[in-house]
Structure formats: structure tokens, C-alpha cells
Amino acid sequence: MTATLQNLHGNHACAMGAIAAGCRFFAGYPITPSSEIAERMSRELPLVGGTFVQMEDEIASIAAVLGASSGGIKSMTATSGPGFSLKQENIGLAAAAEIPCVIANVMRGGPSTGTPTRPAQGDIMQARWGSHGDRPVIALTPASVKEVYDQTIRAFNLSERYRTPVILLFDQVISHLLEPIQLADMASLELVDRQWATGSSAEFAPYASTESGVPPMPRPGDGYRTHTTGLTHGEDGFPSQEPTIVTQATQRLLDKIENHRDDIEAYECHDTDDAEVLVVAYGISARAARAAVREARAMGIAAGLFRPITVWPFPEDALKAAAANAKAILVPEMNAGQLRLEIERLCGSDVKVEGLNRIDGQPIDPAQVTQQIRELADK
Amino acid sequence: MNEMKTKAGGGNFEVRDYLRLDLMPHFMCPGCGHGIALRALLWAVHELGIDKDNLAIVSGIGCSGRVGAYIDANTYHVTHGRPLAFATGLKLARPDLKVIVITGDGDCLAIGGNHLIHACRRNLDITCLMLNNEVYGMTGGQVSPTTAENRLTTTTPSGNSEPAFDACKLAEAAGAGLVGREVTMQTPALRNLIKAGLEFDGFSFLEVMSDCTEIYGRKNDLGESAEMIMAQKSDMRPQAYTTITDQPFRPNRLVTGVLAQSDRPEYGATYRRQAAALRGETA
Ligand SMILES: Cc1ncc(C[n+]2csc(CCOP(=O)(O)OP(=O)(O)O)c2C)c(N)n1
Ligand code: SF4
Ligand SMILES: [Mg+2]
């Protein structure tokens, strides 16, 4: 079968990527600018034997997703800022109980109801820290319609491989952008299914550590009859407050992501080898940054772009390598300066880190980035 | 029903056959009604011959929520108020599983109230057992949406002035296929009600009047657990309602048994039938 070229909106690309990845359950609640993901899923899922349900709110949606995934079905939900806030507690449950799931958050302006139909990138830190406690997270920031499709597939693969929630962060512009994309050739698509528990159910410990740090998941109906809980639990799955067990359980959750950074981190470097002014940008802002870097190069400025696709865990070593020759780092984002904090933490002691921030609901203009690159180059 | 009975393979009911004995002793206070409800549930499961491997118990947070972990089945202890939403996903994804929700009056009617009415409306084949002890037991005895008027709780120091929910009326109005109420005192009757819920093809909402002996009982001087359980049937309960402002809202006499039943279509089957038609498959 040859792959076909299609014009798709970002939101539809997300839905089609999910279907290609094997997602067969979607629960959601309408919210601009994400609703077309739900609408598309409601049409696609029944055709492939899956289930769509519009729940009564976003909390119910993520809870239903966790239920369906616990039943063994790849599952996702999609939302925007206000709904993403509501989902946080259950994202923590997914992390703690190691229930794979994908949450698409199409970012709009906040706080609160904010600017529903305008783009923003204000949920970067919420994606990292929004749910209470120490827990791992994987968050991906696609920058084009094609990348929404590819990263949605990758989100499912990572979620299945590491038994953890994966958050897709894109914004209103990409969600409603129409771009031609090549749908995957299903025959050559690499899909990951979580490892299911096999073998004897006697003495089976559902949360026993394995070499990868990811325990195989018992599927209901397969005879394991295990307990799944958001209470901190031992290897047997039952709650414990014993300090060594609590430490081990929490540490394993963090380690299973930390120890697989090589597999999880994705990023792009453009002209970074000799870059004296390094721009670090993600999502739609990275497209403005890419144009600006080209423009700056044409002016003879040694500018480069580092674009994290995996924003959490942040590709720390790759950034440091890209910044090796940098005298200044510029972080354009559509928020008051969130990822900049992370860049300052990683590189701030060696190099000046500046933000270029828009909080007016408008995408960043390449000319703005070029201008600030020039100013930094002149300093 | 008789046909189901013959399926029960294990002969006499032995509660131990359905419990995770490794977890004993359990956390419940002496006399707590939740343990009686657990026994009645397992008794019903036994009599219906439900395979433990295909049994999924989803519970919320509370003393009621902790009960599920003792059952030797696929058990899920989720977030406060959300077990019905979780169970909705689980049952839609896995119609082959028998899905039972164990929840409390706070879990189900306060934080989870919205999920309850929509679960009733959808009428998906789930049995919801709400253990109503009229109080937030786990957090130390605060007022709940079912606390009777005038009762003392740790957050109603001069007596509760809010009217209590009649959860069964709520569930019926919201469309639950089967609605029933039973007291823990009548364990065989409770078992029968749970069996009716489990056999029903649709959403069954079962309110179990359970006693929080240690906190609610003590605070309101309701006597030892034996006295509390006797009070479930006596006329003492109506007396407590004589001064309430909103009498008709909640029955002043506990009506038990199956209170409502309808033949509304089960949601999962409806969805699957529609989906099959879209795929051009004939049922
Ligand atoms: C989001 C959230 N809010 C509050 C709590 C604290 N909490 C735990 S159990 C509970 C009330 C339980 O009451 P009920 O559902 O009646 O169960 P019972 O303990 O009486 O059986 C509360 C408020 C929590 N765990 N999560
Ligand atoms: S606190 Fe109340 S509800 Fe909880 S176990 Fe004790 S008696 Fe039962
Ligand atoms: Mg209670």
C-alpha cells in the first residue's frame, strides 16, 4: 500500500495519528480549540471497532480513559487549558498506577477561561508540574501538522513502552492549520504495545522492578486478579507507607523515564555547530525562530536553532552541546517566560539567557526574533 | 435466576474464597457496616457464579473505597469521586468484564455526583453499590450529602442544618435502569438486592444503609454497633426526622428492596450495534 497525501488540520492529524497508533478508545469533553479531535474520533473509532464517548466533564474523560486503558485498550483524551487543569489529579493516578494513556492539550491563552480562540504556550510548566507529588512525565511539542501526526503515534508508543501518561502540547495555530501530510504506510509503521504479564499468576508481583524499570501489565481477565491503586504501593500492588517501600516505588517511577532519556528525547538542531546566538524554541514559535535564524545567517550572524520536540524530559545534554559556542541564548515563547527558566537552569551560569515573550494571543513574528538575535549578536 | 444459581460452582458460600486473606486483619472498625456489605456482595457474586477472573471492582476514596482491595478479583482503587467514570471506560472497553463500583455517600453524591447522574442516564451495564453511612468516615466524620438533619458531625458542631439527599430518587430520576435500597441488618435481603443488580442488564444503583459505628455512632450517641443496626429497622430513625425542615425530600421511613426498574436499552450494546451498522456489519 502506498502512502497517500492529504490536507489535514492539526486536530484531525492528531486523531488520525491516534487511529494509526492503535488507539481504540477516546473519551473527551468539548473545548476550543481541541474539539475537532473529539469530533474526528467520534467518526473514526466506530469504523475500526473502537469506542468514542463524550463524558460529562474532563475529569470523567481522563478517568474513563484510565479505565479503558486498564482494560487493555490504547486510549486517549484531548482538551485545552481549563480542561487540562481539571485532568491533573487523574494524570497523577496514571503516573502512579502506571496506566498508559495519551492526553492532547491544545494550548490557548490563560489563565482561567482566558482567550479560547487564540494560541498560547502557557501550559509548558503545568504539563511538567501540574499534578501533585514527584512523578515522571513525557510531553511532546510538535511544530507542524505532519509532526502532530507523527508525534501522536510516538506518544502512544512511548506511553505503552513506559506505562506512563504522555502529554501532547500544541497550540491553537497548529490545531487549525491546514497542511498537506503523508499518512503513514501502516505496513512499515513501528507500533509499540505494552508488555503484558504472562506466565504463572501465583506470586505474581504487578509492580516488581524489571531490567527496564517497567513492569509488565496484568490484563483483567487473564487470571492475575491484581490491585491497582493511586496509593503508594509496594511491588505486590498493595498500599504501603513503609519508608523504604515508598522511596523505592517513587524512585522507580522517576528512574524508568530518567534511564531512558536516549529513547524518549527528540529534538532538532539547525546551524547550531558554530552558533553564537542560539535560539531555543518549540511548537509554532520554533517555525518563526527557524525563519529568523535563516534570516540572521543571511546577515552574517552565527545564529542557530535548538528545537526540543520532547519538552519533558528536557533534552539537557543535547541543549548543552548545541550551546557549546553560544554567547547568548534566546527563548521565544508565547507565555511570560516558562521554558526560559529551564534553559537558565541548564545554561544560565555560562551564558546570557533572554526571553522573547508574547502574551497577547498572537503568534511570534519571525521579524521579532530576527531583531532580538541581532541585538544579542551586537552585545 | 434459577439458571444462574445452578452455575454457582463452589457449593456453600465461604466468604474466604473471595477474599485476599493475606491482607487481614482489615482496616475496618468493629461493627462497621461496610464489612457486612462486603460480605453480602461476595455472597451474591458466589450465588451468581461470577468468575473472579472476569470480575472488576472499581472503588473510590473513603472507607467504602478501601473495601474493594480485600476482594480477590481485578480491583481498581481510583481517585475520589471518579470510580463511575473509570468504570464507564473499563466497561465500554471490556464488555466481557463484570464491573462493580463500590463507593461512599461522599464519593458518589458529593464529589462524584455529576458522574452518578450521567452513569444513570447512560445506563451502561455497571452495578454501583453506594455504602451510605451518612458521613465522611475516612476523613474523620465530617457532614456528607446524606447526613440526616440535626446530626452532629465534626463540621456541623451544632447539628446539621442541610437536608439530606434521597439518592435512590435521584438515581431513578436520572434514568438508572434498576434502583434499590437495603440495610445491612438484612444481609440475605441485601444479597438478593445485589443479585438483582448484578443480573440486570443496565446501570443498577444500590444504596446500602451502612453504619459508621466508630465515628458517626459515637458522635451522635447512637449506641453500640448492635444498637445501631437494630435502629435500621426500628422507628427510631423516623423520630430523628420529626423536626427536619424538609421532610418529603428524604423518606422518613427507610423503604427497601428494588424501588424502580425500567427496560431502557443498555448503552454499551446500543453503541456497539450502531458502530457495527456503520461498518456495514449486520447484527
Ligand atoms: C480530591 C480529594 N478530596 C478530598 C479527599 C479526602 N477524602 C478522602 S475520603 C473522603 C470522604 C469519604 O466519604 P465517603 O465517600 O462517604 O466514604 P466513607 O469513608 O464514609 O465510607 C474525603 C473527603 C481526597 N482523597 N481526594
Ligand atoms: S470510620 Fe466509620 S466507616 Fe470508616 S471503618 Fe470506621 S466505622 Fe467504618
Ligand atoms: Mg460515607
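Residues numbered from 1 in each chain as written. Chains lettered and ligands numbered in written order. Predicted model: local features only at pLDDT ≥ 70, side-chain atom pairs only at ≥ 80, totals over all residues. Heavy atoms only, no water.

(A) Expanded view of the packing of helix H4 (residues 83-93) of chain B against helix H6 (residues 113-122) of chain B. All names here are of chain B. The N-to-C vectors of H4 and H6 enclose an angle of 35°; their axes lie 8 Å apart at closest approach. Together, Leu84, Ala85 and Thr88 of H4 and His115, Leu116, Ala119 and Arg122 of H6 make up the contact between the two elements. Split by residue class, the contact of H4 with H6 holds four nonpolar, two polar and one charged. (Axes fitted to C-alpha atoms, helices over the stretch in contact; angles between N-to-C directions. Helix = DSSP H or I, 4+ residues; strand = E, 2+ residues; numbered from the N terminus. Contact = heavy atoms within 4.5 Å. Nonpolar A, V, L, I, M, F, W, Y, C, P; charged D, E, K, R; others polar.)

(B) Representation of the interface of chain B and chain A in the model. Listed as interface residues are 35 residues of chain B and, on the opposing side, 39 residues of chain A. Regarding the contact of chain B and chain A, the summed buried area is about 3,100 Å², with carbon and sulfur atoms giving 59% of it. Our enumeration of links across chain B and chain A arrives at three salt bridges. Its salt-bridge partner being Arg225(A), residue Asp53(B) comes within 2.7 Å of it at the nearest N-O pair. The interface formed by chain B and chain A includes 19 residue pairs in polar contact (both at pLDDT 80 or more). Counting residues per element, the ones that place at least two in the side of chain B that touches chain A are strand E2 (74-77), H4, H6 and helix H12 (267-278) of chain B. It is H4(B) that provides the largest number of residues to the side of chain B that touches chain A, a total of seven residues. By residue class, the composition of the side of chain B that touches chain A is 15 nonpolar, 11 polar and nine charged. Examined bridge by bridge, strand E10 (residues 227-229) of chain A and E2(B) share three bridges and lie parallel to one another. Bridge assignment links His227(A) to a residue of E2(B), and that residue is Thr75(B). (Buried area = accessible area lost by both parts, 1.4 Å probe. Salt bridge = Lys/Arg side-chain N within 4 Å of Asp/Glu carboxyl O. Polar contact = N/O pair within 3.5 Å; in protein donor to acceptor, adjacent residues only side chain to side chain. Pairing = 2+ DSSP bridges.)

(C) View of the side chain of Thr229(A). In this structure, Thr229(A) sits in strand E10. By relative accessible area, Thr229(A) is classed as buried at 1%. Here the side chain of Thr229(A) touches Leu231(A) through a polar contact of 2.9 Å, landing on its backbone nitrogen. Contact partners of Thr229(A), with chain neighbours within four places excluded, come to Leu93(A), Ala97(A), Gly237(A), Pro239(A) and His77(B). (Buried < 20%, exposed > 50% of the residue type's maximum accessible area, 1.4 Å probe, protein only.)

(D) Here's a closer look at the site of ligand 1. His34(B), Cys63(B), Ser64(B), Asp107(B) and Gly137(B) are the nearest of the 18 residues found near ligand 1. Residues close to ligand 1 are split across chains A and B. For ligand 1, an oxygen atom lies 2.8 Å from a polar atom in the side chain of His34(B). Here ligand 1, which alone exposes 590 Å², has 77% of that area covered by the protein. At the level of elements, helix H3 (63-67), helix H5 (105-111) and strand E5 (135-136) of chain B are the ones that each hand at least two residues to the shell around ligand 1. Per-element tally for the shell around ligand 1: the top contributor is H5(B), with four residues. (Near = heavy atom within 4 Å. Areas by Shrake-Rupley, 256 points an atom, 1.4 Å probe, with all protein chains shown as cover.)

(E) Focus on the sheet that holds strand E15 (residues 328-333) of chain A. Residue and element names in this part refer to chain A. Spatially, five strands are ordered E11-E13-E12-E15-E16 in an open sheet, and the strand pairing comes out mixed. The open sheet has two free edges, formed respectively by strand E11 (267-270) and strand E16 (352-357), since each of these has just one partner strand. Across the sheet, the mean angle from the axis of one strand to that of its neighbour is 20°, orientation sign disregarded. Taken together, the four bridges between strand E12 (residues 277-280) and strand E13 (residues 303-308) define a ladder with parallel strand orientation. Note that in E13 the partner of Leu278 across the bridge is Gly304. Sheet strands touched by helix H10 (residues 283-298): E11, E12, E13 and E15. Its angle to E13, the strand with the most contacts, is close to 165°.

(F) Here's a closer look at the site of ligand 2. All names here are of chain B. In the vicinity of ligand 2, the contacting residues are Phe27, Met28, Cys29, Cys32, His34, Cys63, Asn133, Gly137, Cys212, Thr213, Glu214 and Ile215. The element best represented in the shell around ligand 2 is helix H9 (residues 213-219), accounting for three residues. Its residues placed into classes, the shell around ligand 2 shows seven nonpolar, four polar and one charged.

(G) Broad picture of the coordination of the magnesium ion (ligand 3). Residue and element names in this part refer to chain B. Around the magnesium ion (ligand 3), the donor atoms from the protein are Asp105 (OD), Asn133 (OD1) and Val135 (O), and they sit 2.1 Å away. Counting the intervening residues between successive donors of the magnesium ion (ligand 3) yields the motif D-x27-N-x1-V. Just as Asn133 is buried, Val135 falls in that class too. (Donors = N, O, S within 2.8 Å, 3.2 Å for Na, K, Ca; no water.)

(H) Main features of the pattern of salt bridges. Within the structure shown, the criterion is met by 35 salt bridges over all chains. Across the pair Arg252(A) and Glu98(A) runs a salt bridge whose closest N-O atoms are separated by 2.6 Å. Of this pair, Arg252(A) sits in helix H8 (residues 243-258) while Glu98(A) sits in the loop between helix H4 (81-97) and strand E5 (101-109); the two residues are 154 residues apart in sequence, bridging distant segments of the chain. Comparing Arg252(A) with Glu98(A), the two get one shared label, buried. With a shortest N-O distance of 3.0 Å, Arg181(B) and Asp166(B) are connected by a salt bridge. Of the two residues, Arg181(B) sits in strand E7 (residues 178-183) while Asp166(B) sits in the loop between strand E6 (142-143) and helix H7 (167-174), which places them 15 residues apart along the sequence. Taking relative accessible area as the criterion, Arg181(B) reaches 2% and is therefore assigned buried.

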